[in-house]
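Now for the letters of each chain:
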Amino acid sequence: MLKLLNAETSDAQVSVISIVGMGGLGKTTLAQLVYNDPMLEFDLKAWVSVGEDFDVSRVTKTFLLQLGDGGDDKDLNVLQVKLKQKLSGNKFLVVLDDVWTQNYEEWTLFWGPFEAGAPQSRVIVTTRSQDVSLMMGTTQAYALKKLSHNECMSVFAQHALGANNFDAHLELKQMGEEIVKRCGGLPLAAKSLGGILKGKPNPDLWKEVLSSEMWELPDNRSNILPALKLSYLHLPPHLKRCFSYCAILPKDREFDRNELVLLWMAEGFLYDQKKMKDSEGLGHKYFDDLLSRSFFQQSNDNKSKYIMHDLIVDLACFVSREICLHMVGKLENAKSFAKIRHSSFIPHFMNTFQRFQSFCEMKNLRTFLSVREDRIRCHITSKVVHELVPKLKCLRSLSLAGYEIEELPNSFGDLKHLRYLNLSDTPIQGLPESVDKLFNLQTLKLRDCDELIELPKGICNLLNLQHLDIIGTRKLKEMPPHIGKLTSLCVLTKFIMGKNNGRITVLKKLCDLRGQLHITSLENVEVADIRDAGFVNLEDKPGITELHLEWTEADERFDDLRNPSHEEQVLNSVQPYQSLSSLSITSFGGRKFPLWLGEPSFSGMVQVQLWKCRQMTSLPPLGRLKSLKRLSIGDMRGVKEVGVEFYEDDSCFSCLEELEIRSMGEWELWAWSNGLGEDSVPKFPKLHQLQIRNCPKLVGKLPTFLPSLEKLFIVDCPLLVELPKVLPSLTALY
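Residues numbered from 1 in each chain as written. Predicted model: local features only at pLDDT ≥ 70, side-chain atom pairs only at ≥ 80, totals over all residues. Heavy atoms only, no water.

With parallel pairing, the 5 strands of this open sheet are ordered in space as E2-E3-E4-E1-E5. With one partner strand each, in any of the chains shown, strand E2 (44–51) and strand E5 (140–143) form the two edges of the open sheet. Between one strand axis and the next, the sheet turns by 15° as a mean value, whatever way the strands run. Along the sheet, helix H3 (residues 56–66) makes contact with E2 and strand E3 (92–99), crossing E2 at roughly 150°. (Pairing = 2+ DSSP bridges. Helix = DSSP H or I, 4+ residues; strand = E, 2+ residues; numbered from the N terminus. Axes fitted to C-alpha atoms, helices over the stretch in contact; angles between N-to-C directions. Contact = heavy atoms within 4.5 Å.)

Strand order across the open sheet formed by 8 strands is E8-E9-E11-E13-E14-E15-E16-E17, with parallel pairing between neighbours. Two strands close off the open sheet at either side, each with one partner strand: strand E8 (324–327) and strand E17 (491–492). Those strands touched by helix H13 (residues 257–266) are strand E11 (367–370), strand E13 (397–399), strand E14 (420–422), strand E15 (443–445) and strand E16 (467–469), and its axis lies near 140° from that of E14.

A separate point is H3. Within the sequence span of H3, burial applies to Val56, Arg58, Val59, Thr60, Lys61, Phe63 and Leu64. Considering only its buried residues, H3 is in contact with E2, helix H4 (76–87), E3 and helix H5 (104–111). A side-chain oxygen of the first residue of H3 lies 3.2 Å from the backbone nitrogen of Ser57; this N-cap is Asp55. (Buried < 20%, exposed > 50% of the residue type's maximum accessible area, 1.4 Å probe, protein only. Polar contact = N/O pair within 3.5 Å; in protein donor to acceptor, adjacent residues only side chain to side chain.)

Before going further, it helps to spend a moment on the packing of aromatic side chains. Summed over the entire model, instances satisfying the criterion amount to 32 aromatic pairs. With a centroid separation of 5.4 Å and an interplanar angle of 75°, the aromatic rings of Phe63 and Phe114 are classed as edge-to-face. Here the residue Phe63 occupies a position in helix H3, and Phe114 occupies one in the loop between H5 and strand E4 (121–127), the gap between them amounting to 51 residues. For the pair Phe63 and Phe114, one class covers both residues: buried. Aromatic side chains Phe345 and Phe368 sit 4.9 Å apart centroid to centroid with 45° between the ring planes, which places their arrangement in the tilted category. Of this pair, Phe345 sits in strand E9 (residues 342–345) while Phe368 sits in strand E11, placing them 23 residues apart in sequence. Aromatic ring contacts, followed pair by pair, group Phe54, Phe63, Phe92, Trp107, Phe110, Trp111 and Phe114 into a single cluster. Here the guanidinium or amino end of Lys45 rests over the ring plane of Tyr35, the centre of that ring lying 4.7 Å away. The cationic tip of Lys91 hangs over the ring face of Phe42; the distance from NZ or CZ to the ring centre is 5.1 Å. (Phe/Tyr/Trp six-rings, centres within 6.5 Å; stacked < 30°, edge-to-face > 60°. Lys NZ or Arg CZ within 6 Å of the ring centre and 35° of its normal.)

Approximately 890 Å³ is the volume found for the second largest pocket. Asp53, His326, Val328, Ile346 and Glu373 are the residues nearest the centre of the second largest pocket, which is lined by 36 residues in total. The set of elements that each furnish at least two residues to the lining of the second largest pocket consists of E2, H3, helix H15 (310–319) and E8. Broken down by element, the lining of the second largest pocket gets its largest block of residues, 4 residues, from H15. Broken down by class, the residue content of the lining of the second largest pocket amounts to 16 nonpolar, 5 polar and 15 charged. (1 Å grid on protein atoms, 1.4 Å probe; cavity = no way out; pocket = protein on both sides within 12 Å on 5 of 7 lines; lining within 4 Å. Points joined across faces, edges and corners; volume = space filled by probe spheres on them. Nonpolar A, V, L, I, M, F, W, Y, C, P; charged D, E, K, R; others polar.)

Glancing now at the nonpolar core. Judged by nonpolar contacts, the single largest core of 119 residues is most densely connected at Phe368, Phe495, Leu631, Met636, Phe653 and Ile692. Sequence-distant contacts of Phe368, defined by excluding residues within four places in its chain, comprise Ser343, Phe345, Phe356, Phe359, Val389, Leu395, Ser397, Leu398, Ser399 and Leu400. Formed by 39 residues, the second largest nonpolar core is a distinct cluster that contains Leu239, Phe243, Met265 and Tyr286. (Core = buried A, V, L, I, M, F, W, Y, C linked by side-chain atoms within 4.5 Å.)

To continue, consider the environment of Pro203. Structurally, Pro203 is set in helix H10 (residues 203–210). Between the C-alpha atoms of Pro203 and Met175, which are 28 residues apart in sequence, the distance is 8.4 Å. With near-sequence residues (within four places) excluded, Pro203 lies in contact with Leu172 and Met175.

The residue Asp448 is not glycine, and still its phi comes out positive at about 60°. Within the secondary structure, Asp448 sits in the loop between E15 and E16. For Ser587, which is not glycine, the phi torsion reads 60° and is therefore positive. Within the secondary structure, Ser587 sits in the loop between strand E21 (582–586) and strand E22 (607–611).

Applying the stated criterion across every chain, the model contains 19 salt bridges. The residue Lys251 makes a salt bridge to Asp314 at a minimum N-O spacing of 2.8 Å. You can see Lys251 sitting in the loop between helix H12 (237–245) and H13 and its partner Asp314 sitting in helix H15, a full 63 residues away along the chain. The class of Lys251 is partly exposed, set by a relative accessible area of 24%. Between Asp469 and Arg447 there is a salt bridge; the shortest N-O distance is 2.8 Å. Residue Asp469 is found in strand E16, and its partner Arg447 is found in the loop between E15 and E16; the two are separated by 22 residues along the sequence. (Salt bridge = Lys/Arg side-chain N within 4 Å of Asp/Glu carboxyl O.)

Buried residues dominate helix H9 (residues 187–197), accounting for 10 of its 11 residues. Within H9, the full set of buried residues consists of Pro187, Leu188, Ala189, Ala190, Ser192, Leu193, Gly194, Gly195, Ile196 and Leu197. Positive backbone phi, at 70°, marks Gly199, one or two positions downstream of H9.

With that settled, the discussion passes to the pairing of strand E19 (residues 515–520). By the bridge criterion, 3 bridges tie strand E18 (residues 494–496) to E19 in an arrangement that is parallel. Counterpart to Ile496 in the pairing with E19 is Thr520. Alignment of E19 against strand E20 (residues 544–550), held across 5 bridges, turns out to be parallel. In the sheet register, Gln516 faces E20, and the bridge partner there is Glu546.

Let us look at the environment of Glu177. Among the secondary structure elements, Glu177 is positioned in helix H8 (residues 170–181). Beyond its immediate sequence surroundings of up to four residues, Glu177 is in contact with His149 and Met153.

What follows covers the side chain of Thr60. With respect to the element layout, Thr60 can be found in helix H3. For Thr60, a relative accessible area of 0% translates into the label buried. For Thr60, the contacting residues outside a window of four places in its chain are Leu76, Leu79, Gln80, Leu83 and Phe110.

What follows is the structure, given as structure tokens:
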């Protein structure tokens with residue numbers, strides 16, 4: 001297959017190669033190996049999971065997102081023109097994973113932009129159908145065969161014993177042989193059964209798997225492989241609950257592990273009497289257990305996301321019976337609406353009440369979840385929000401993220417059992433005061449609600465609230481009073497220093513904060529707060545991994561009224577715990593950075609961003625941060641020279657991969673050397689992307705040798721005329 005990918009073809013600019021085989025045979029795994037092969041050279045690469053619903057607009061948008069374009073347009077013609085422009089003249093490798101459609105008109109419509117690619121561009125298609133392969137006019141079809149017995153034994157042994165064979169466990173080999181025979185040569189089955197027995201070399205347990213009645217079920221009882229059923233049956237009860245709930249996840253769609261854990265938590269699946277405070281941590285342990293048993297797998301194109309194999313989704317639907325429902329179109333012909341407890345649905349651009357009418361019969365519904373596919377806001381009739389949802393009194397999890405919802409009815413306060421509420425990316429301006437009756441609420445997501453003006457004062461009565469996500473709420477000017485009462489908060493993504501409410505000292509009471517924390521409007525910190533030793537106490541919050549500190553940006557006239565000494569005291573006092581991995585400082589008005597910024601003790605710091613710190617005349621010693629990978633500096637007009645104070649020694653920036661410097665209007669000199677000769681110049685051995693933009697006074701030269709640099713962008717720097725002499729890895733120059 002690799003030979004075909006590298007071969008020149010004269011008949012067509014773009015070749016389509018298909019991998020055909022039944023579910024669980026390893027089509028996607030083979031495509032991943034090819035896609036990630038470092039020996040294959042392409043200008044552009046993209047991977048899209050297609051699935052049974054081949055929607056041309058959706059798949060085109062997904063490709064644009066993969067190639068760095070937002071793809072927010074609704075018009076298919078506009079989307080295809082954009083995609084054609086992206087692909088034109090480029091040699092690309094594209095994977096269309098799990099294609100089902102045999103609609104030739106849809107395929108030809110979708111295919112149009114790809115013909116603009118450069119010669120030797122390749123499209124790999126994985127499908128279960130030979131007919132799909134023929135329809136696409138593939139130059140070569142690879143029909144995957146089942147594994148041989150020995151190959152299947154090796155896969156099984158790897159997952160069960162962590163070895164390629166049974167040499168160290170000869171007493172298990174005969175039973176292993178019998179188990180593998182029943183896998184039918186399918187690697188997914190071998191992985192799943194190996195997952196059952198992982199770390200358990202107990203012959204009695206192996207006998208139990210081998211003698212299970214599940215092997216004897218007739219094939220027509222369901223479409224689920226007996227090996228997969230057996231994997232499920234051997235799960236402990238707590239994992240069975242969590243897995244069966246996953247039947248609401250759509251096929252071929254990535255999902256976020258944190259979101260899934262929060263939903264499990266809302267459903268009460270994570271209750272542990274011994275560790276009541278760390279139910280979320282328990283959820284992540286459960287997730288890892290299911291991941292290790294191959295029920296989940298990491299997404300190929302976004303390592304922070306996960307997917308479920310089609311056969312695993314089918315298994316979840318089978319074991320959840322009629323309790324879980326995933327709705328794509330309008331709900332019809334469900335055997336018993338009354339039995340449904342958990343439901344998710346794909347948003348349509350226009351959502352009428354008729355689409356959701358059947359939900360009126362689901363009096364015991366506990367999950368009502370919108371599963372978004374893109375960032376385009378959808379319309380939903382107010383009748384669903386104002387009449388249907390308030391009648392679903394048993395709801396525990398509710399997501400209406402991404403809809404054009406401007407207000408909620410006061411009757412939302414009657415949803416007494418609600419624990420998870422997601423209204424992210426809606427134009428809602430405020431929540432009803434009745435929200436203060438949702439005493440069981442654990443998660444409230446208002447991310448990117450850019451019209452939100454205020455939070456209800458009564459939110460501080462929700463003592464069970466653990467997650468409050470308000471990032472992207474640009475019109476929100478202050479926190480509600482008494483926010484410090486919410487001592488169960490683990491995630492508070494943003495804290496706004498209001499002029500009237502929300503003294504920063506309340507953060508001291510929130511002992512369990514973790515993850516991201518964005519503190520804004522720091523100019524409103526009072527002098528009295530600074531005198532209070534440890535007024536924020538971030539040094540005692542090791543869970544915070546991302547810290548964003550922001551003063552309000554003002555015009556130049558206001559800059560003269562700022563108190564640099566006061567702002568320096570504030571920044572010095574918010575010193576974080578040394579486990580911090582990402583730091584951003586914006587619009588700081590002090591004249592010097594605190595001593596803690598650049599301390600080598602921040603050994604896990606991988607990202608730093610310094611923006612609009614206009615009173616600064618020099619940079620902090622960031623070269624002392626030995627793990628730093630990404631550094632962004634911009635709009636610091638007081639800096640004229642970047643010199644040796646920026647570096648620590650000759651080994652500084654040894655891990656730096658991305659460096660961006662922009663809008664430094666007065667910057668004149670970049671002293672790469674510390675004056676001890678060329679050998680003392682910092683080498684930046686891992687730097688693969690360098691951007692220098694809008695630095696009109698910068699003169700001099702860049703380092704002679706940047707061995708790993710792949711992308712170099714120099715924009716609006718007319719006096720910087722000499723490039724590095726040796727750039728062996730360069731692929732993009734602007």
